[in-house]
Amino acid sequence: FARSFERALEEGLPRVPHAGETSGPESIWAALRQLHADRIGHGVHCLEDSGLVDHLRRHQIPLEICPTSNIRLGVYPDYAAHPLRELWDMGLMISVGSDDPPLFGTDLNHEYELLVDQFDFSSGELEQLSLNGVRASFLEDDAKLEMEEMFRTEFAQLRGQL
C-alpha cells in the first residue's frame, strides 16, 4: 500500500477519501495529513473541531456533502438535524453529491431539491454550490473555466425565466 500511495503522490493522482461521516474529525485530519486529500467525501463531523473548521475554510478544502446518504446511514436522524446549512454558513467550500444513487435511492436532482426544501438555499446559493462542484473537480484548468462559464450562462438564463 505504501508504495502505491507514494506512486499516486508522485503521479499527482487525486485523493478523495471518505472521512468524517461515521467517524469524528480525527478521520478528516488523518485524511489530510496522511493521505494528502485533495477533497473530502462527507466531512460533516468537522464541526466537532473548530481548528479543523478553520483549516478547511482557510485552505478551501472541498467537502462533498451527501445529505440523503447521511440520513439513510443514520449519521443524522433527519434533515433538520443535518449540518449542511451550518457548514455553508461557516464559509466552508462544499458541494453536494448523491454518493451511491442506487443504494440510497436518490440522485443529484433530488439532492438539489433538498437544498431548497430542507435547507432553504436560495437560487444564488445553488449557483455558487454548483460552481464549487466545478472548481473542486479534477478537470484541467481550461476545461474548468469553460464549464464554469457554461454554468454561469445557464444560471443567468434560469434567472431570466423566473
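Structural data are supplied above this passage.
Residues numbered from 1 in each chain as written. Predicted model: local features only at pLDDT ≥ 70, side-chain atom pairs only at ≥ 80, totals over all residues. Heavy atoms only, no water.

With respect to the environment of V134
Basically, it comes down to this: Only runs of H or I of at least four residues qualify as helices and only runs of E of at least two qualify as strands under DSSP, and these elements are numbered from the N terminus. Here's how the labels work: a residue is buried when its accessible area is under 20% of the maximum for its type, exposed when over 50%, partly exposed in between, all with a 1.4 Å probe on protein chains only. Contacts between residues were defined by any pair of non-hydrogen atoms, one from each residue, lying within 4.5 Å.
For V134, the location among the structural elements is in helix α8 (residues 123-135). Residue V134 is classed as buried on the basis of its relative accessible area, which comes to 4%. A sequence separation of 114 residues divides V134 from G20, and the C-alpha atoms of the two residues are 22 Å apart. For V134, the residues in contact, after removing those within four places along its chain, are K144, M147, E148 and F151.

Structural notes on the nonpolar core
Most often, soluble globular proteins keep nonpolar side chains buried together rather than apart. Rules: For the purposes of this section, nonpolar cores are sets of buried Ala, Val, Leu, Ile, Met, Phe, Trp, Tyr and Cys residues that join through side-chain atoms within 4.5 Å.
Counting residues in hydrophobic clusters, the biggest one holds 31 residues, and the most contacted among them are L32, I40, C46 and I94. Of all elements in the fold, only α2 (25-33), α3 (50-59), β3 (63-65), α5 (84-89), β4 (94-96), α7 (108-117) and α8 reach the threshold of two or more residues within this core. With four residues, the single largest contributor to this core is α2. Look past the residues within four positions of L32 in its chain and what remains in contact with it is A37, I40, L52, H55, L56 and I61.

Some details on the pattern of salt bridges
Our working definition: Any carboxyl oxygen of Asp or Glu that lies within 4 Å of a side-chain nitrogen of Lys or Arg is treated as forming a salt bridge with it.
All told, the structure shown has eight salt bridges when counted by the stated rule. Here R15 and D38 are joined by a salt bridge, their closest N and O atoms 3.8 Å apart. With a gap of 23 residues between them, R15 in the loop between α1 (2-11) and β1 (18-19) and D38 in the loop between α2 and β2 (40-42) connect regions that are remote in the sequence. By relative accessible area, which is 16% here, R15 ends up buried. For D38, a relative accessible area of 32% translates into the label partly exposed. Residue R159 is joined to E127 by a salt bridge in which the shortest nitrogen-to-oxygen separation is 2.5 Å. Linking R159 in helix α9 (residues 141-161) with E127 in helix α8, this pair joins segments that are 32 residues apart in sequence. Using a relative accessible area of 11% as the deciding quantity, one classes E127 as buried. One salt-bridge network, held together by shared partners, links R85, D89 and E125.

Geometric values such as these leave the question of function open.
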